[in-house]
Amino acid sequence: TRTFAKRIWLSGKSIAYRRQVAEELVGDLLAVFQERLSNRFFPVLQPAIGVGSTFEGWSPCGHDAVYCLLVPLKPPHGHAFHLELGTVGQMLAKNCIRVEQECTCTRDQRVENMPCFLHHPEEVLWSNQDSSLLGTLCTDSYLDAQKIAHWFQNLVISAWGKMTQSRHYSMKVLPSSRSCKLQLTNVSGRSLLVEIVFGVQQGDSDIFLSSQATETIFTPSTTWPETYAVAEVKFFRHIARQAPHDTIYLNCLQLCAGILVNTGFSSYTWKTVVMHLLNTIPLSSWSRWNFMMRLQDIMWYLRDCLEEKRLDHFFLGNENMPEDIILPAAFQAAEPINLFQCLVQDPAAHAKALSEFEEL
């Protein structure tokens, strides 16, 4: 146990440093882009939000972790984003973002030399607009995640030579159809992987439509899956503010997700289990003296879920939610998604999962 604790502690320090490097890099890139894209008709890039395990304080991958940041997109002048959402609670809801031009004849008189897209002559529009959002980053009036990713990748390549980080790292844009993946390598040969994904916020909530696709399912370029990553990182920050200094819930999570990485249970399964337990077991009971007991609780909870073939999604239909996490109103009334629905539909998969659990 002491060896695992030391390894996790060292990993946590490395994650914190590399997380800071990733945040500074993306923040500097966005500052350059905002200046370049001012008074242009492209999506307005908002400050990035760190998401995923590395920004929650743990990681199953150690030095090979990917540092993921979500960049929210706002519509440019004269445009509006209309979210067309699937049914709440559907795992594969086909969410799309329709882009419309709006009349700005009277609304934005304070903005000089900005034409109204609906009421100015076409030749005036083309003299003021070197490229159209609808024409370059949309497909059939819907925001296209693949076009957004390609556009952003080109921005990074064009700006890299002027970045301070270019003196300390070589940069390579890795292949990715719906995000921007960067590999930074320092003079000693150590690499840092940064992934930038794009999202459109649902109202004022912590739920976004994301360019990041589900790994195992084909996602059309105009479909933007719902992501709970921002709400998840806010939940872990809420717990961190409440928890005593020697709390070991992140150690438990990293141990389960890291050592058991080659099993059939994903790191998201372990994270969901731990989030449910953090809502029911007092934080005072997550001290290092209770380490083995909490690991046992995690295993028992997972065993019960496997036997019942049901693991509820953490945010849908969960009434025990911290107040600082903002969810759409429909979420509270929705039936929770069963993350183990595949086990209900496939008896062979259920039998395999039970067998793998017994090995654990």
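- Under the annotation held in an unreviewed UniProt entry, the chain carries the name IPIL1 protein and is attributed to Phaetusa simplex.
- We quote the UniProt Sequence similarities (unreviewed entry) comment for the chain here in full: "Belongs to the ITPRIP family."
- Quoted verbatim from the Subcellular location (unreviewed entry) heading of the UniProt record, the comment on the chain is "Membrane".

### Observations regarding the pairing of strand β8 (residues 170-174)
Point 1. Judged from the 5 bridges that link them, β8 and strand β9 (residues 180-185) form a sheet pairing that is antiparallel. Residue Met171 lies in a different strand from β9, and its bridge partner there is Leu184.
Point 2. The hairpin turn running from β8 into β9, its antiparallel successor, is 5 residues long.

### Quick notes on the packing of helix α9 (residues 291-308) against helix α12 (residues 347-359)
Point 1. Axis separation between α9 and α12 bottoms out at 10 Å; the angle between their running directions is 160°. It follows from the interaxial angle that α9 and α12 lie roughly antiparallel. Viewed along their axes, α9 and α12 form a crossing whose handedness is left-handed. Seen from α9, the contacting residues are Met299, Leu302, Arg303, Leu306 and Glu307; seen from α12, they are His350, Ala353, Leu354 and Phe357.
Point 2. When grouped by side-chain class, the residues that make up the contact of α9 with α12 number 6 nonpolar, 1 polar and 2 charged.

### Looking at the pattern of salt bridges
Point 1. For the coordinates displayed, the defined rule picks out 9 salt bridges.
Point 2. Here Lys271 makes a salt bridge to Glu56, at a shortest N to O gap of 2.9 Å. With Lys271 in helix α8 (residues 267-278) and Glu56 in helix α2 (residues 53-56), this pair connects stretches of sequence that are 215 residues apart.
Point 3. Put simply, Glu84 and Arg98 hold a salt bridge, and the shortest N to O gap is 2.7 Å. Taken as a pair, Glu84 in strand β4 (residues 79-84) and Arg98 in strand β5 (residues 96-101) lie far apart in primary sequence, 14 residues in all.
Point 4. Within this structure, Glu56, Glu232 and Lys271 form a network of salt bridges that share partners.

### Things to note about the packing of aromatic side chains
Point 1. Taken as a whole, this structure holds 9 aromatic pairs when the rule is applied.
Point 2. An angle of 90° between the planes, with centres 5.3 Å apart, marks the rings of Phe33 and Phe152 as edge-to-face. Of this pair, Phe33 sits in helix α1 (residues 2-36) while Phe152 sits in helix α5 (residues 145-159); the two residues are 119 residues apart in sequence, bridging distant segments of the chain.
Point 3. Look at Phe265 and Trp270: their rings are 6.1 Å apart centre to centre, the planes differ by 70°, and that puts the pair in the edge-to-face class. Note on accessibility: Phe265 and Trp270 belong to one class, buried.
Point 4. Clustering of aromatic rings is evident, with ring pairs tying together Tyr228, Phe235, Phe236, Phe314, Phe315 and Phe331.

Thresholds, definitions, all that
Residues numbered from 1 in each chain as written. Predicted model: local features only at pLDDT ≥ 70, side-chain atom pairs only at ≥ 80, totals over all residues. Heavy atoms only, no water. UniProt positions renumbered as here; feature names shortened; annotations may be inferred. Pairing = 2+ DSSP bridges. Helix = DSSP H or I, 4+ residues; strand = E, 2+ residues; numbered from the N terminus. Axes fitted to C-alpha atoms, helices over the stretch in contact; angles between N-to-C directions. Parallel < 35°, antiparallel > 145°, perpendicular 65-115°, else oblique. Left-handed = near helix turned anticlockwise from the far one by under 90°. Contact = heavy atoms within 4.5 Å. Nonpolar A, V, L, I, M, F, W, Y, C, P; charged D, E, K, R; others polar. Salt bridge = Lys/Arg side-chain N within 4 Å of Asp/Glu carboxyl O. Phe/Tyr/Trp six-rings, centres within 6.5 Å; stacked < 30°, edge-to-face > 60°. Buried < 20%, exposed > 50% of the residue type's maximum accessible area, 1.4 Å probe, protein only.

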